[in-house]
Amino acid sequence: MTEDPFVAHRSLLFTVAYELLGSAADAEDVLQESWLRWAGVDHTQVRDPRAYLVRTVTRQALNRLRTLSRSREDYVGEWLPEPLLTSPDVAEDVELAESVSMAMLTVLETLGPTERAVFVLREVFELPYGEIAEATGKSAATVRQIARRAREHVTARRPRVRVSRAEQRAVVERFLFALRTGRLQELLEIMAPDVVLIADGGGVVAAVTAPIHGAGPVAELLARANQSVATLETTTVWLNGAPAGRIEFDGEPAAVSLAVEDGRITRVYVVRNPHKLTRLDAPAQLTR
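Residues numbered from 1 in each chain as written. Predicted model: local features only at pLDDT ≥ 70, side-chain atom pairs only at ≥ 80, totals over all residues. Heavy atoms only, no water.

**Concerning helix H12 (residues 215-223)**
Along an α-helix, a turn takes 3.6 residues, which lines up residues three or four apart on a common side. Taken together, the buried positions of H12 are Ala215, Val218, Ala219, Leu222 and Ala223. The buried residues of H12 occupy an angular sector of 125° when the element is viewed end-on, so they sit on one face. Looking at the buried residues of H12, the elements they touch are helix H10 (165-181), helix H11 (184-189), strand E1 (191-200) and strand E2 (212-213). (Buried < 20%, exposed > 50% of the residue type's maximum accessible area, 1.4 Å probe, protein only. Helix = DSSP H or I, 4+ residues; strand = E, 2+ residues; numbered from the N terminus. Arc of directions from axis to C-beta. Contact = heavy atoms within 4.5 Å.)

Printed below as a string of structure tokens:
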């Protein structure tokens, strides 16, 4: 028996849904909905199962994204994507790793649902405009215009400097050591002057509810972290295709991702909402 196309392409479909939604939980729900639709189709009439399934997942993700965009307006504090534990292999596909990075996913949050879908399908998965048109319900000409606008929008906001994984890991380890030991000066030295810290507690656990700007305020906040708990443990892990940190505050987990440019940290993304930390034990299978 040949493997069912849905099973064969599941990692790809999950990656598409996750990049469109920024949430593994919502991506899994979209895959379940898409599977039910796939199960009700006469497979002998589907000429290209991969393209058909990507279209189906995109449509379901767009429906959910439009609903979520309204509920996220009521979210307590800053909303950050759900971090995923990944294997180092994901980093070997540089474009894929960049597209699922916390920095890129937060940029994608600034796009409208259709713009996001068009950008992801075209720039990350390199789908033809015609297939994207079918998936989004737009004409191919309209899709081309949306793609151009979305590309310009993302280019203006995305991280401009790529660093090697070795450099990223070195900065992450230095950051985690300074955090664990409360060394203010060390934190100041590895942060860009205009660094921004964004935390997501979701109103469930303590976290700053607005971005913190500037090396001084960010370093002071982080240096006090180990004073407010009895134990603070850190581990270097791979999250969203890059070296990052897992932190335990008195046994309560948090995920920290860093954007690095020219050897210094420009963004600190801290996810403490426990509902978003369920995918830190087993690596997610991401592919394109």
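**A look at the packing of helix H7 (residues 113-124) against helix H9 (residues 140-157)**
Following both chains from N to C, one finds H7 and H9 inclined at 90°, their axes separated by 9 Å at the closest point. Classified by the angle between their axes, H7 and H9 sit roughly perpendicular to one another. Between H7 and H9, the residues in contact are Thr114, Glu115, Val118, Phe119 and Glu123 and Val143, Ile146, Ala147, Arg149, Ala150, Arg151 and Val154, respectively. Its residues assigned to classes, the contact of H7 with H9 shows 7 nonpolar, 1 polar and 4 charged. (Axes fitted to C-alpha atoms, helices over the stretch in contact; angles between N-to-C directions. Parallel < 35°, antiparallel > 145°, perpendicular 65-115°, else oblique. Nonpolar A, V, L, I, M, F, W, Y, C, P; charged D, E, K, R; others polar.)

**Section: the packing of helix H4 (residues 49-71) against H7**
As a packed pair, H4 and H7 sit with axes 10 Å apart at the nearest point and diverge in direction by 150°. Here H7 runs roughly antiparallel to H4, going by the angle between their axes. The chirality of how H4 crosses H7 is right-handed. Where H4 abuts H7, its residues Val54, Thr58, Leu62, Leu65 and Arg66 lie against Pro113, Thr114, Arg116, Ala117 and Leu121. Taken together, the residues of the contact of H4 with H7 break down into 6 nonpolar, 2 polar and 2 charged. (Left-handed = near helix turned anticlockwise from the far one by under 90°.)

**Remarks on the sheet that holds strand E6 (residues 264-271)**
Strand order in the open sheet made by the 6 strands is E2-E1-E6-E5-E4-E3, with mixed pairing throughout. The open sheet has two free edges, formed respectively by E2 and strand E3 (232-239), since each of these has just one partner strand. Against the sheet, H12 touches E1 and E2, its axis set at about 50° to E1. (Pairing = 2+ DSSP bridges.)

**A word on unusual backbone geometry**
Positive phi values are uncommon outside glycine, yet Glu126 reaches one of about 55°. As for its position among the elements, Glu126 is in the loop between H7 and helix H8 (129-136). Positive phi, normally seen in glycine, also occurs at Asn240, with a value near 50°. Relative to the elements of secondary structure, Asn240 occurs in the loop between E3 and strand E4 (242-249).

**What to know about the nonpolar core**
By size, the foremost hydrophobic cluster in this structure holds 50 residues, and its most contacted members are Phe14 and Leu108. Counting residues per element, the ones that place at least two in this core are helix H2 (10-21), helix H3 (24-39), H4, helix H6 (102-108), H7, H8 and H9. The dominant element in this core, judged by the number of residues it contributes, is H2, at 8 residues. In this structure, Phe14 is in contact with Ala24, Ala27, Glu28, Leu31, Leu84, Arg279, Ala284, Gln285 and Leu286, ignoring residues within four places of it in sequence. With 30 residues, the next largest nonpolar core counts Ile190, Leu197, Ala215 and Val218 among its residues. (Core = buried A, V, L, I, M, F, W, Y, C linked by side-chain atoms within 4.5 Å.)

**Some points on the confidence of the model for the chain**
For the chain, per-residue confidence averages 93 on the pLDDT scale, and 99% of positions sit at 70 or higher. Least confident of the elements in the chain is H4, whose mean pLDDT is 91; most confident is E2, at 98. (pLDDT = per-residue confidence, 0-100.)

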